[in-house]
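# Coordinate analysis (summary)
Residues per chain, in single letters:
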Amino acid sequence: MNNKVNFTIDDKECTSTSDKYIVEAARENGVYIPTLCNYDGVKPAGSCRVCTVKVNKRYLTACTTPIAEGMEIEVNTTDLQDFRNAVVELLFTEGNHFCPACEKSGNCELQALAYKFQIMAPRFPFQFNERYIDASNPKIYHDHNRCILCKRCIRVVKDDKGKSVFAFENRARQIRINFDSKLGEVLTDELAEKAMEVCPVGSILVKGKGFKDPIGTRKFDHTPIDKIVIPEKQNI
Amino acid sequence: MPKKITIEPVTRVEGHGKVTIHMDDSNQVVQSRLHIVEFRGFERFIQGRPYWEAPVLVQRLCGICPVSHHLAAAKAMDEIVGAGTGDGLTPTGEKMRRLMHYGQIFQSHALHFFHLASPDMLFGIEADPNIRNIIGVALEHQDLAVQGVMMRKFGQEVIQATAGKKIHGTGAIPGGMNKSLTPEERDSFLLGKDPLNVDKMIEWSLGALDFFKSYHSQNRELVDNFANFPSSHLSLVRKDGAMDLYHGVLRAVDAEGKKILHDVDYQKYYEYIGEEVRSWSYMKFPFLKEYGKEKGWYRVGPLARMNTADFIPTPLAQKEHEIFRAYTNGKPNGMSMHMHWARLIEILHSAEMMKELLYDPDITGDQLVTKGNKQYEGVGLIEAPRGTLFHHYRINEDDQIDMANLIVSTTNNNTPMNLAVESVAKDYMNGHAVISEGMMNAVEVAIRAYDPCLSCATHALGKMPLEIKILDKSGNILDKKRSS
């Protein structure tokens, strides 16, 4: 049974129901908590840590923590904002992100978060990690330079038997997402489109699609990411 | 005592370069060179990238004329997606690209004439450098400065409406365009509030031509004799011989006007044009293979286009073209300073072309892209503001670029610019023991006439300007001047 719960976000009284995660409960109450790996309708993974908040003084990921009665949640404190900025900056320095020529530019959630956080340059040194590009699939162009290992593709892109097309391989610094070559061979156009859509960055692209969206019509051209999640009129 | 003069950096050009001039014991110029001292490597790091990314990625070579690289790469990619070039696109696709291109030519030429070149004309080559600059123009010749700024603005607005952004847009995609004009956008250029409408741009273009003609009549000796030397000229022309800055066949004429490259299909440009590397510059030296490395060099750009085209297909520019050609009795014009004249005729032509395209109903059409059978190689050529621009790509089975070769407009003018430097260095410096700032500026004026984009030409990083060094016989630096 979904019970009504009372909690506070940055000292503001809020209410929701117990079937929600913190990030959803906050959204219901007009509070935007940034996310990157989270994807509506899919079991959360908590892999990017961008949604980190403090609950009763403890750091927790808002996308994986169910809301509960009496929670005192901190979202927009200086240290948490700095922490989130640092996570996004680390993603930029770990991968090889070159927004000017990326076709996902304007539709990219990582880029949109960087704009939202007003990140001009990362505080950490660029790693220039050598990543490879897998262009062997006839439908998908998979650029590992841009992958942030969010697991969205693993969780969402599945064949008709429910088997994931994408999976992790290797461990630690060598970890990367690859796709099942057999499933990849029979990837439908719909699944390829789905894979590109769920990828928050420009790592998974449908071949030949390119720059079809004119500048000015892309998702974040005129609307910042937080205003898409919570339109202005609902924001507190 | 023998000496070497170094001008570093060269100013009011795009990119970074330097000039060295060697003088002997009797103060005679024995050797001069324009060195391009930077390296970028676009042709290498684009390898592995998907072909559809090329038009957006390679335009980052330049912030002044990115549209030229954007369109040349897109034209090469048209071949790769099987759309062919030129008339292979939908009418809306091709006309939108043309509109973008003429907007680009218009703004780039306005930038060069008003911001970079006009200070030398208004104040004189040897004037005080503190006033011989765009700020000086703004203070002393306000109307001209405002026209320069507003003409650039108009061109940039056209680029924004077609490419999505004023600089580094994404409008051209393999096989066509990703947008057409809305009626509101079209009307804003046709009926925009003064001065931002196309009729005012035509009027101001004619005014700029009058300004040059008046300067010419008062400084005939300088304008006609400064860095004047015969050469071959190369450009694209339309199949019927008309000037066409977007698409056509390759034509070259010699100093007498005889065709030496006979309107050939540019897809096989490498059969006609070679590139030589010299140890002292990162900029290559292209040449017509048939005539060899020594004699096969040629000029490109506005002057060359005036010399290769039989006519200009817009009425006002055609009238000016006739006057221009009559000045040398129909023979090719080799006067470097006439490059400014030619550039202004092209500004007028671009404004007329924009008007024609804006009145064309196809410009608001919705058929934007054509595709055909995939190819593995494509060449795209375009007449960029500074001259013929070559983009050549090969892709692999997985749609990744595995070869790219770019011959940038300024690169084509490498030998002519070196000859212009030598000519002016001799005229201004021979017999002088002391080299003044004005003499060195004269060398820069010669380079500036070509409106070189040194960053594009080497695909290079770094600051723009250029320096001049004076060396003795043994190569020791005796004097060095750096403009800022």
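Keep in mind the model is a prediction, meaning the values are calculated, not measured.

Calculation notes
Residues numbered from 1 in each chain as written. Chains lettered and ligands numbered in written order. Predicted model: local features only at pLDDT ≥ 70, side-chain atom pairs only at ≥ 80, totals over all residues. Helix = DSSP H or I, 4+ residues; strand = E, 2+ residues; numbered from the N terminus. Rg over C-alpha atoms; globule rule 2.2 N^0.38 Å. Buried ≥ 20, exposed ≤ 12 C-beta atoms within 10 Å, placed from the backbone. Contact = placed C-beta atoms within 7 Å. Pairing = 2+ DSSP bridges. Axes fitted to C-alpha atoms, helices over the stretch in contact; angles between N-to-C directions. Parallel < 35°, antiparallel > 145°, perpendicular 65-115°, else oblique. Left-handed = near helix turned anticlockwise from the far one by under 90°. Nonpolar A, V, L, I, M, F, W, Y, C, P; charged D, E, K, R; others polar. Domains from an automatic or database assignment. Core = buried A, V, L, I, M, F, W, Y, C linked by C-beta atoms within 7 Å. Expected span 1.5 Å × (residues − 1).

### Regarding the overall build of chain B
- Helix and strand counts for chain B come out as 17 helices and 16 strands.
- In summary, chain B has a C-alpha radius of gyration of 22 Å against a globular reference of 23 Å for 484 residues, a match within 12%.
- Judged by the C-alpha coordinates and their principal axes, chain B covers about 70 × 50 × 40 Å.
- Counting the 484 residues in chain B, one finds 57% classified as buried.
- Residue pairs at least 24 apart in sequence account for 72% of intrachain contacts in chain B once pairs closer than 6 positions are excluded.

### Looking at the pairing of strand β1 (residues 4-9) of chain A
Residue and element names in this part refer to chain A.
- For β1 and strand β2 (residues 12-17), the ladder comprises six bridges, and the chain directions are antiparallel. Considered in β2, the bridge of Val5 is made with Ser16.
- Between β1 and β2, which pair antiparallel and follow one another directly, the connecting turn spans two residues, one of which, Asp10, has a positive phi of 50°.
- Relative to strand β5 (residues 72-74), β1 is paired through two bridges, and the arrangement is parallel. The residue bridging Thr8 from the neighbouring strand is Glu72, located in β5.

### So, the pairing of strand β4 (residues 58-61) of chain A
Residues and elements named next belong to chain A.
- Pairing of strand β3 (residues 52-55) with β4 involves four bridges; the strand directions are antiparallel. Its bridge partner being in β4, Val55 is matched across the sheet by Arg58.
- Connecting β3 to the antiparallel partner β4 that follows it, the hairpin turn spans two residues, and Asn56 within it adopts a positive phi of roughly 50°.

### Observations regarding the packing of helix α3 (residues 66-80) of chain B against helix α4 (residues 91-123) of chain B
Residue and element names in this part refer to chain B.
- Put simply, α3 and α4 touch, their axes get as near as 9 Å, and they point 150° apart. Between α3 and α4, the interaxial angle falls into the category roughly antiparallel. Seen along the crossing, α3 lies across α4 with a hand that is left-handed. Taken together, the residues of α4 that come into contact with α3 (itself represented by Val67, Ser68 and Leu71) are Arg97, Met100, His101 and Gln104.
- Across the contact of α3 with α4, the residue classes break down as three nonpolar, three polar and one charged.

### Looking at the interface of chain A and chain B
- Contact with chain A, which involves 16 residues of that partner, is made by 20 residues of chain B.
- Here the side of chain A that touches chain B is built from residues that sort into eight nonpolar, four polar and four charged.

### Some details on the sheet that holds strand β11 (residues 298-299) of chain B
Residues and elements named next belong to chain B.
- A sheet is described by the order of its strands in space; here four strands give the open sequence β8-β7-β6-β11, paired in mixed fashion. Edge positions in the open sheet fall to β8 (259-264) and β11, since each of these has one partner strand only.
- Pairing analysis gives five bridges linking strand β6 (residues 232-237) to strand β7 (residues 249-253), with the strands arranged antiparallel. Within β7, the residue paired with Ser235 across the bridge is Arg251.

### What about the domain arrangement of chain A?
All names here are of chain A.
- Under the domain assignment, chain A is made up of domain 1 (4-76) and domain 2 (85-206).
- Each partner contributes to the interface: domain 1 provides 11 residues, whereas domain 2 provides 15 residues.
- A per-class count over the side of domain 1 that touches domain 2 returns eight nonpolar, one polar and two charged.

### What to know about the nonpolar core
- Core analysis: the biggest nonpolar cluster contains 191 residues, and Met354(B), Val421(B), Val424(B), Val443(B) and Ala446(B) have the highest contact counts within it.
- Here this core spans two domains, since at least three of its residues come from each of domain 1 (4-76) and domain 2 (85-206) of chain A.

### Here we look at the sheet that holds β3(A)
Residues and elements named next belong to chain A.
- Spatial ordering of the open sheet is given by β2-β1-β5-β3-β4, a layout of five strands whose pairing is mixed. In this open sheet, the two strands that pair with only one neighbour each are β2 and β4. Put simply, the sheet's adjacent strands are angled 40° from each other on average, direction ignored.

### Looking at the environment of Asp199(B)
All names here are of chain B.
- Checked against the element boundaries, Asp199 lands in helix α8 (residues 198-218).
- Judged by local crowding, Asp199 falls into the partly exposed class, with 14 C-beta atoms found within 10 Å.
- On a C-alpha basis, the gap between Asp199 and His391 in space is 34 Å, while along the polypeptide they are 192 residues apart.

### Regarding helix α13 (residues 338-358) of chain B
- In a regular helix each residue adds 1.5 Å, so 21 residues correspond to 30 Å; α13(B) covers 30 Å between its end C-alpha atoms and thus fits that length.
- The element α13(B) is largely enclosed, with a buried count of 19 among its 21 residues.

### Things to note about the environment of Cys14(A)
All names here are of chain A.
- Relative to the assigned elements, Cys14 resides in strand β2.
- Put simply, Cys14 and Ala25 are 11 residues apart on the chain and 8.6 Å apart in space, counted from C-alpha to C-alpha.
- Here Cys14 is in contact with Phe7, Thr8, Ile9 and Asn29, once residues within four sequence places are set aside.

### Observations regarding unusual backbone geometry
- Of note, the amide linkage connecting Asp194(B) to Pro195(B) takes the cis form, showing an omega dihedral of 0°.
- You can see Pro195(B) is positioned in the loop between α7 (183-191) and α8.
- Positive phi, close to 50°, is recorded for Asn56(A), a residue that is not glycine.
- Tracing the sequence through the fold places Asn56(A) in the loop between β3 and β4.
- Here Asn56(A) falls in the exposed class, since 11 other C-beta atoms lie within 10 Å of it.
- For Asp263(B), which is not glycine, the phi torsion reads 50° and is therefore positive.
- As for its placement among the helices and strands, Asp263(B) is situated in strand β8.

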